[in-house]
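Structural description and commentary
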Amino acid sequence: MNGTCLEFEKPIRDAISRIRFAPYSNNLLISSWDSSLRLYDVDGSVLRLEARSEAAPLDCCFQNESVAFSAGSDGFVRRYDLHLGTTATIGNHDDIATSIGYSDETSQVISAGLDKEIVFWDPRMAEAVAYLRNLGAEVESMSLSGSNLMVAIGASIYMYDLRNLDKPVQAEDSNVGIQIRCVSASPYSKGYAVGSVDGRVAVEICHPSNPNDIRYMFRCHPKSKDGRYHLASVNDIVFNPLICGAFVTGDNEGYVTAWDIRSRRRIFELPRYQNSVASLSYNHEGQLLAVASSYTYQEAKEIEELPQIFIHGIDDSYIRSMSSGSSSRN
């Protein structure tokens, strides 16, 4: 797998908080602590947009190819017209806004913050239409897939049906039993993968056509020579949209590792990055993997080199072997 580093005329000067590929193109959305949201055309190797705001965007997402949203350190949820280069405010949390996503099913923007609330916004009216309040703790991470909303709070996972928000359809402690750093909803079936602050990943997948649900936990790295585990936070998990049952993890020690859910094996590991891996994103075809190598403000010992973004092409031979392997195990 080859990898290239994106080039910026003006380097990103502070930590990257999130990267997201567009729904149908190879445009990459980048939010960072330097109070900027960037849109980078990976195919053309050119920065299409740099939108500055009063606060740092801590998360970002696309609505479509021309509209994006961000959650800010000032609590504000912002809308960006990527073609016109304009920015508008939808609303705000009472504390820092940490997570954001867009639901095609409900045409709503969904954000979470340190105010222990999840807010559902109508971007056309710039107003909140629903709330999940009194969550009891701050939302660590959230992820959308179809009508399912996965929310990580502490060591627990809550699954909501966007069509009925009265109560979660599922609420349970994850297998990791410790604070969850990230959650990623499966795009193929009902389920998710979560990463913990101590380097463990828990997987829970339910297939309607298969009575054997998948539920297990593993550590991303084996024990070191002195018998101790690598306690590196798993910062992001993304499923490959093309290959059913494949996902990658990125951690605070700079490792990106690909896994096969069904065989429970490591597929490949990229060469270690000098910085932590802050965020990951597959393009819509699952043939490009973007990696944000950046410090994350989690540990005092983190190396604070300038953040960089690398694009890796997924080899056709790897795609064929994984696709056939997944099909044979379905």
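All of these numbers come straight from a predicted model, not from anything done at the bench.

With that settled, the discussion passes to the packing of aromatic side chains. Scanning the entire structure with this criterion turns up nine aromatic pairs. For the ring pair Phe218 and Trp259, a centre distance of 4.6 Å and an interplane angle of 50 degrees mean the geometry is tilted. Here the residue Phe218 occupies a position in strand S21 (residues 210-219), and Trp259 occupies one in strand S24 (residues 256-260), the gap between them amounting to 41 residues. Residue Phe218 is classed as buried on the basis of its relative accessible area of 15%. Aromatic ring contacts, followed pair by pair, group Trp33, Tyr295 and Tyr297 into a single cluster. Looking at Arg133, its charged tip hangs above the ring of Tyr131, at a distance of 3.8 Å from the centre.

Now for the side chain of Arg200. Residue placement: Arg200 occurs in strand S20 (residues 200-207). A residue is classified by how much of its surface remains accessible, and Arg200, at 14% relative accessible area, is buried. A polar side-chain atom of Arg200 sits 2.9 Å from a polar atom in the side chain of Asp198.

Our focus in this paragraph is the sheet that holds strand S23 (residues 246-251). Backbone hydrogen bonds are what pair the strands of a sheet, in a parallel or an antiparallel way. The four strands lie next to each other as S22-S23-S24-S25, forming an open sheet whose pairing is antiparallel. For this open sheet the edge positions go to strand S22 (234-239) and strand S25 (265-269), each flanked by a neighbour on one side alone. Averaged over all pairs of adjacent strands, the angle between their axes in this sheet comes to 25 degrees, without regard to strand direction. Relative to S24, S23 is paired through five bridges, and the arrangement is antiparallel. Looking at S24, one finds that Val248 is bridged to Ala258.

On to the pattern of salt bridges. Summed over all chains, the structure comprises twelve salt bridges. Asp59 is paired through a salt bridge with Arg18; the nearest N and O atoms lie 2.9 Å apart. Of the two residues, Asp59 sits in strand S6 (residues 57-62) while Arg18 sits in strand S2 (residues 16-21), which places them 41 residues apart along the sequence. Here the two residues Asp59 and Arg18 agree in accessibility, since each one is buried. Between Glu117 and Arg133 there is a salt bridge, and its shortest N-O distance comes to 3.2 Å. Of this pair, Glu117 sits in the loop between strand S11 (108-113) and strand S12 (118-122) while Arg133 is found in the loop between strand S13 (127-132) and strand S14 (141-145), placing the two residues 16 residues apart along the sequence. Residue classification places Glu117 among the buried positions, given a relative accessible area of 15%. The class of Arg133 is partly exposed, set by a relative accessible area of 47%.

Right, let's talk about the sheet that holds strand S4 (residues 36-41) for a bit. Ordered in space as S2-S3-S4-S5, the four strands form an open sheet in which the pairing is antiparallel. With one partner strand each, in any of the chains shown, S2 and strand S5 (46-52) form the two edges of the open sheet. Adjacent strand axes in the sheet meet at a mean angle of 15 degrees, parallel and antiparallel pairs treated alike. Two strands pair when backbone bridges link them, and strand S3 (residues 27-32) and S4 are joined in this way by six bridges, in the antiparallel orientation. Pairing of Leu29 across the sheet is with Leu39, part of S4.

Our focus in this paragraph is the pairing of strand S16 (residues 156-161). Across a regular strand the side chains alternate sides, sitting on one face of the sheet and then on the other. Within S16, five of the six residues are buried, which leaves it mostly tucked inside the rest of the structure. Count of turn residues in the strand S15 (residues 148-153)/S16 antiparallel hairpin: two residues, of which Gly154 carries a positive phi of about 65 degrees. Sheet topology note: the S16/strand S17 (residues 170-173) ladder contains four bridges and is antiparallel. Bridged to Ile157 within S17 is Glu172.

With 88% of its residues at a pLDDT of 70 or more, the protein chain shows a mean pLDDT of 89. Scored below 50 in pLDDT, residues 325-330 makes seven contacts in the model with residues more than four places away or belonging to other chains.

Before going further, it helps to examine unusual backbone geometry. We note that Ser45 has phi near 55 degrees; this positive angle belongs to a residue other than glycine. Note on placement: Ser45 falls in the loop between S4 and S5. Take Ser45: its relative accessible area is 52%, and that puts it in the exposed class. Not every positive phi belongs to a glycine, and Ser107 is a case in point at roughly 55 degrees. Here Ser107 shows up in the loop between strand S10 (97-103) and S11.

Criteria and thresholds
- Residues numbered from 1 in each chain as written.
- Predicted model: local features only at pLDDT ≥ 70, side-chain atom pairs only at ≥ 80, totals over all residues.
- Heavy atoms only, no water.
- Phe/Tyr/Trp six-rings, centres within 6.5 Å; stacked < 30°, edge-to-face > 60°.
- Helix = DSSP H or I, 4+ residues; strand = E, 2+ residues; numbered from the N terminus.
- Buried < 20%, exposed > 50% of the residue type's maximum accessible area, 1.4 Å probe, protein only.
- Lys NZ or Arg CZ within 6 Å of the ring centre and 35° of its normal.
- Polar contact = N/O pair within 3.5 Å; in protein donor to acceptor, adjacent residues only side chain to side chain.
- Pairing = 2+ DSSP bridges.
- Axes fitted to C-alpha atoms, helices over the stretch in contact; angles between N-to-C directions.
- Salt bridge = Lys/Arg side-chain N within 4 Å of Asp/Glu carboxyl O.
- pLDDT = per-residue confidence, 0-100.
- Contact = heavy atoms within 4.5 Å.

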